[in-house]
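# Architecture at a glance
Single-letter residue listing:
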Amino acid sequence: MKGLLIKDLRLMRNQGAVLLGLLVIVAIFMGLVSDVSPSFVVTYITIFLSIFTATTISYDEYDNCYLFLMTLPVTRKKYVNEKYIFGILSTLAAWVIGIVIGTVMLITQKTGMPAAEWIISSLMSIFIADVFMSVIMPVRFKFDGEKARYANIIVMGVILAVAFGAPKLIDYIPEHITESAGEFFAALGDNGIVALSAVIAAAALLISYICSRQIMAKKEF
Amino acid sequence: MMLEINGLVKKYKDFTLNCSMKVERGCITGLVGENGAGKSTCFKAALGLISYNSGDIKLMGKSPSELREAEKEKIGVTLAESGFSGYLKVKDIVPVMSAMYSGFDRERFLSLCRRFSIPQDKYIKEFSTGMKAKLKVLVAVSHNADFLLLDEPTTGLDVTARESILDLFREYMEEDESRSILISSHISSDLEGLCDDIYIIHEGKIVLHEDMDNLLNEYGLIKADDGQYARLDKEHILSVRRTSFGCECLTDQKGYYRENYPDIVVENGSLDEAITMMTGGERL
């Protein structure tokens, strides 16, 4: 597994460094010319880098390398484990970079955002990135090459549809349900919502991992 | 026994592999056949990369599904259409191999890279076909494996490079006599001078298994016209093919025919002849 991690780190160093550099430049640029919030910058960098992990599966697929990797001292189970560990580590690293940039923006923009709100919004961004990764990983394990590209577009489409569609759907939900939901979240408080999000993120990751293991165990190379 | 495949059946929509073969300790076994004959499918099944419908495979005593890191450390593999990601460089591969194989010999690998002019600081995707093929072989022989499974390792190499790679396999075998190699190729001259025994595969079936020495010394090609063919003893004829002047027959007892039919031409056999006759001729 250590060997696979080194391989992905090297791939990331060769390929991901350019991506990260680009993301940081865009983030700083956006911060300078527009008034995007520091929270947006954190979310943006974290999510993009979490998607990169799934991209390392594409690099493994390039030229059919998958096949060869499986002849090395690596089991299918360890391969999946490594991808998730690498995904979590790279997402965390991106998150820390995002937070550093966001904090600098927060100080320079003097938006007066309370520290608690800043921490909560930053935490939420890593949960969102985690859910993104959880959805993308099994899809990438399942589909190769051309199919994977379509699958990725569909997944992105579904995520966007949910993100934009969900607030609109609320209008159609009977008032007593939205009211009681509102009361439920109000009762939870900020800390409760963060805790609930953490549980959802962890559950998503666990389900995603189990699915990926199953998919990989049955995969024909 | 390094590898034992008994009654392996793998069915695809338009192709069925049905094969049995074995690789003994200390031997170089060749698997030869045209493209699409089932060579790569055999390798994939033995390595647990694909499932199979029936049959029994034992690679170093374990079935493919039981292969763990410990067993995989003891094999070196090159696959026809697969290798390290093109987005890596040789200098990226070195630490990966060190972490994966306890027996990885870094110095040997790097000196082999120099010997075969493999650049360290260039993306593999920018390599020529020949360089990629050489790199795959160098990776397979650099971690003290007991058994090499080489699927088309010389494809894309020019004659000189092919010879030096084949020499590398000979060196590998000389270092430890208990090692084994299973090598596939569609270039028969590669295998003729290297293998101890050979399997010819055609349309998913093994059509011939023979010791290489036996094949080169005892096999012959009988060229007979229709009259000569009619009076020929068919006992030791393996395969017959019609030609414009009569027919050609592959025999595994050329001495017998030379002695008893002095008027009939019996040429020395070669692997190429054996392949052509066993895959193109009518088997008796």
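Residues numbered from 1 in each chain as written. Chains lettered and ligands numbered in written order. Predicted model: local features only at pLDDT ≥ 70, side-chain atom pairs only at ≥ 80, totals over all residues. Heavy atoms only, no water.

## Focus on the overall build of chain A
Across its full length, chain A holds seven helices and zero strands. For chain A, the spread of C-alpha atoms along the three principal axes comes to 55 × 45 × 30 Å. Burial status across chain A gives 43% buried among its 221 residues. When contacts within chain A are restricted to residue pairs at least 6 apart in sequence, long-range pairs at least 24 apart make up 81% of them. (Helix = DSSP H or I, 4+ residues; strand = E, 2+ residues; numbered from the N terminus. Buried < 20%, exposed > 50% of the residue type's maximum accessible area, 1.4 Å probe, protein only. Contact = heavy atoms within 4.5 Å.)

## Details of the pairing of strand 12 (residues 246–251) of chain B
Residues and elements named next belong to chain B. Of all six residues in strand 12, six are buried, a share of seventy percent or more. Where strand 10 (residues 220–224) meets strand 12, five bridges bridge the pair, whose relative direction is antiparallel. In the sheet register, Gly220 faces strand 12, and the bridge partner there is Thr251. The pairing of strand 11 (residues 237–243) with strand 12 spans six bridges and is antiparallel. Bridging from a neighbouring strand, Arg241 pairs with Glu248 of strand 12. (Pairing = 2+ DSSP bridges.)

## Side note on the sheet that holds strand 14 (residues 282–283) of chain B
Residues and elements named next belong to chain B. Read across the sheet, five strands follow the order 13-10-12-11-14 without closing on themselves; strand pairing throughout is antiparallel. Each end of this open sheet is capped by a strand with a single partner; those strands are strand 13 (265–268) and strand 14. The sheet contact formed by strand 10 and strand 13 spans four bridges and is antiparallel. Looking at strand 13, one finds that Gly220 is bridged to Asn268. Of the strands in this sheet, strand 10, strand 11, strand 12 and strand 14 touch helix 11 (residues 271–280), which is tilted by about 80° from strand 11. (Axes fitted to C-alpha atoms, helices over the stretch in contact; angles between N-to-C directions.)

## Some details on the nonpolar core
Tyr79 of chain A together with Phe84, Phe109 and Phe169 of chain B are the most contacted members of the largest nonpolar core, which has 123 residues in total. Phe109 of chain B has contacts with Val90, Val94, Phe104, Leu135, Leu138, Val139 and Ser142 of chain B, leaving out every residue within four places of it along the chain. If you look at the next biggest cluster of nonpolar residues, it comprises 12 residues, including Ile222, Tyr229, Val240 and Cys247 of chain B. (Core = buried A, V, L, I, M, F, W, Y, C linked by side-chain atoms within 4.5 Å.)

## Comments concerning the packing of helix 2 (residues 38–61) of chain A against helix 4 (residues 76–109) of chain A
Residue and element names in this part refer to chain A. The contact between helix 2 and helix 4 brings their axes to 7 Å, and the two run at 155°. Between helix 2 and helix 4, the angle falls in the class roughly antiparallel. Considering the relative orientation of helix 2 and helix 4, their crossing is right-handed. Looking at side-chain class alone, the contact of helix 2 with helix 4 contains 14 nonpolar, 10 polar and two charged residues. (Parallel < 35°, antiparallel > 145°, perpendicular 65-115°, else oblique. Left-handed = near helix turned anticlockwise from the far one by under 90°. Nonpolar A, V, L, I, M, F, W, Y, C, P; charged D, E, K, R; others polar.)

## Observations concerning the environment of Lys132 of chain B
Within the fold, Lys132 of chain B resides in helix 5 (residues 129–141). The class for Lys132 of chain B is partly exposed, based on a relative accessible area of 27%. Residues Lys132 of chain B and Glu175 of chain B, spaced 43 residues apart in sequence, show a C-alpha to C-alpha distance of 25 Å. Beyond its immediate chain neighbours, meaning those up to four positions away, Lys132 of chain B contacts Asp63 of chain A together with Ile124, Lys125 and Phe127 of chain B.

## Side note on unusual backbone geometry
With glycine set apart, most residues show a phi of negative sign, and most peptide bonds adopt trans. Residues and elements named next belong to chain B. Phi is positive for Glu152, which is not a glycine, with a value near 50°. Phi is positive for Glu203, which is not a glycine, with a value near 45°. By the element assignment, Glu203 lies in the loop between strand 8 (197–202) and strand 9 (205–211). A relative accessible area of 57% means that Glu203 is categorised as exposed.

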